Amino acid sequence: MGYINEDYDNRRKNGSRGGYFIASLVGAILGALIIIFTIPTLLKYDVLPYNLIPKGTTTEQASEVPNRGGVPGTAQTVNVNISSAVTDAVSKVSDAVVGVINIQETGFWQDTSEVGTGSGVIYKKENGKAFIVTNHHVIAGASNVEVSLSDGERVPAKVLGSDELMDLAVIQIDAAKVKTVAEIGTSNNLVVGEPVLAIGNPLGLQFSGSVTQGIISGVERTIPQDFNKDGIPDWQSEVLQTDAAINPGNSGGALVNIEGQVIGINSMKIAEQAVEGIGLAIPIDSAIPVIEDLEKFGEVRRPFMGVGLRSLNEIPSYHWQETLKLPKNVEKGVFIVSVMPNSPASVAGLKELDVIVELDGKPIVDVLELRKHLYIDKEIGDSMEVTYYRDGKKFTTTMKLTQEETY
């Protein structure tokens, strides 16, 4: 009986061990299944921390994991591809943005020195030459101009033409080492809030190829320009406004859209202590006709009247009646101070002290408005109707506009 009871006890102990093993195995399996099916729910309701997302999770896998603090059940990407629209745009155009060095003679011995640097944009390669647009003020007064390519190599440049009114210039270099030409876009359909990039060389060549990002802050802005520094605006530049940082040295660089297309030439920055984030650029659609004229003719060919002018608001009102003999109801206009012989104005019969009040039926307030009508609305060869006062009487004449260099 002792042997029987001992054998029974041994079998019962062995059976208990087997039962415990099976129970543990089943429990482990059930626990694993519970974890597998409950973790997504716990993640969904932001119960588990981020570090439960395994290392090496792909963008696609991570996008299935809800973002901490996000709306429950909303999938959000937590990994991004480093290649973005911005980097693509920069890589597309950056090598076409170069440095422009203004070298001038200094001293009695005609020594030369670098007096300033700006930026430029390579917009065309043709017949072994590369053409670059920059600002007039970048190359103004230069005896020599050099271009610093994207790899830092400097090459001599030839100035083909420059225009102070539009603040644009075209220079030319040998195209042997030029690999990238900028793609020209359009500025006519830009909208406020559209993302843009400014590329250039702020503060000099040590920061060459710098990129700043912003948006279009305004379109069709007008900025008065006083070229002769007499305190009276000579022209109003129509520009794009951006909050992309534009600093000294950025002038002449590219303002590009998210497609990497040039939509403006960076020109000016309002540099006042109270003003931040206002950069200005010449719209590319306004720049193209000027660039074409500078490249082909070395200057911008504009209609010409052949007169010297001053605005009524520049002189005391006493002279309006006493000197110019104007009726008292005439308070705006432009009076002629000189007439060139055989010019369109001379042929049309205009004389000194005539006061122009309308062009083509449009009221003319001052010299600035006259220039805008002449340069923007008219072309060489057009006829223009001029309404003016002489000795208190109103007259109208017609002149045929010609080109200035013929006189």
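## Looking at the overall build of the chain
Helix and strand content of the chain: eight helices and 21 strands. The contacts in the chain between residues at least 6 apart in sequence include a share of 59% that link residues at least 24 apart.

## Regarding the pairing of strand E1 (residues 97-106)
Successive side chains on a regular strand alternate, one facing one side of the sheet and the next facing the other. Counted residue by residue, E1 has seven buried out of ten residues, so it is predominantly covered. Relative to strand E2 (residues 111-126), E1 runs antiparallel, the two being bridged by ten bridges. Note that in E2 the partner of Glu 105 across the bridge is Thr 112. In terms of strand pairing, E1 meets strand E4 (residues 144-148) through five bridges, oriented antiparallel. By the bridge assignment for E4, Asn 102 is matched with Val 145.

## Brief notes about helix H3 (residues 85-93)
Of all the positions in H3, only Ala 89, Val 90 and Val 93 are classed as buried. For H3, the angular spread of buried residues about the axis comes to 100 degrees, placing them on one side.

## Considering the side chain of Thr 387
Looking at where Thr 387 falls in the secondary structure, it is placed in strand E19 (residues 383-390). A distance of 3.5 Å separates polar atoms of two side chains, one belonging to Thr 387 and the other to Thr 396. With near-sequence residues (within four places) excluded, Thr 387 lies in contact with Val 355, Ile 356, Val 357, Glu 358, Lys 394, Phe 395 and Thr 396.

## Considerations on the sheet that holds E1
Here six strands make up a closed barrel; going around it, the order is E1-E2-E3-E6-E5-E4 and the pairing antiparallel. Strand-to-strand twist of the sheet, defined as the mean angle between neighbouring strand axes without regard to direction, takes the value 40 degrees. As paired strands, strand E5 (residues 154-163) and strand E6 (residues 168-174) are joined by five bridges and run antiparallel to one another. What sits directly across from Asp 163, in E6, is Leu 168.

## Some remarks on the pattern of salt bridges
In the structure shown here, the tally under the stated rule is nine salt bridges. A salt bridge links Lys 124 to Glu 295; the nearest nitrogen and oxygen atoms lie 2.3 Å apart. On the criterion of sequence distance, the pair formed by Lys 124 in strand E2 and Glu 295 in helix H5 (residues 284-297) is long-range, its members being 171 residues apart. The class for Lys 124 is partly exposed, based on a relative accessible area of 22%. Its salt-bridge partner being Glu 314, residue Arg 310 comes within 3.4 Å of it at the nearest N-O pair. Classification of Arg 310 as partly exposed rests on a relative accessible area of 34%. With a relative accessible area of 25%, Glu 314 lands in the partly exposed category.

## Considerations on the confidence of the model for the chain
Summing up the model confidence of the chain, the mean pLDDT is 83 and the portion of residues at 70 or higher is 76%. When pLDDT is averaged over each helix and strand of the chain, the minimum, 41, is found for helix H2 (residues 59-62) and the maximum, 98, for strand E3 (residues 129-134). For residues 1-9, every residue scores under 50 in pLDDT, and the model assigns this stretch zero contacts once sequence neighbours within four places are set aside. Every residue in residues 50-75 scores below 50 in pLDDT, and together they form 30 contacts with partners more than four places removed in sequence or on other chains.

Each value, and the rule that gives it
Residues numbered from 1 in each chain as written. Predicted model: local features only at pLDDT ≥ 70, side-chain atom pairs only at ≥ 80, totals over all residues. Heavy atoms only, no water. Helix = DSSP H or I, 4+ residues; strand = E, 2+ residues; numbered from the N terminus. Contact = heavy atoms within 4.5 Å. Buried < 20%, exposed > 50% of the residue type's maximum accessible area, 1.4 Å probe, protein only. Pairing = 2+ DSSP bridges. Arc of directions from axis to C-beta. Polar contact = N/O pair within 3.5 Å; in protein donor to acceptor, adjacent residues only side chain to side chain. Axes fitted to C-alpha atoms, helices over the stretch in contact; angles between N-to-C directions. Salt bridge = Lys/Arg side-chain N within 4 Å of Asp/Glu carboxyl O. pLDDT = per-residue confidence, 0-100.

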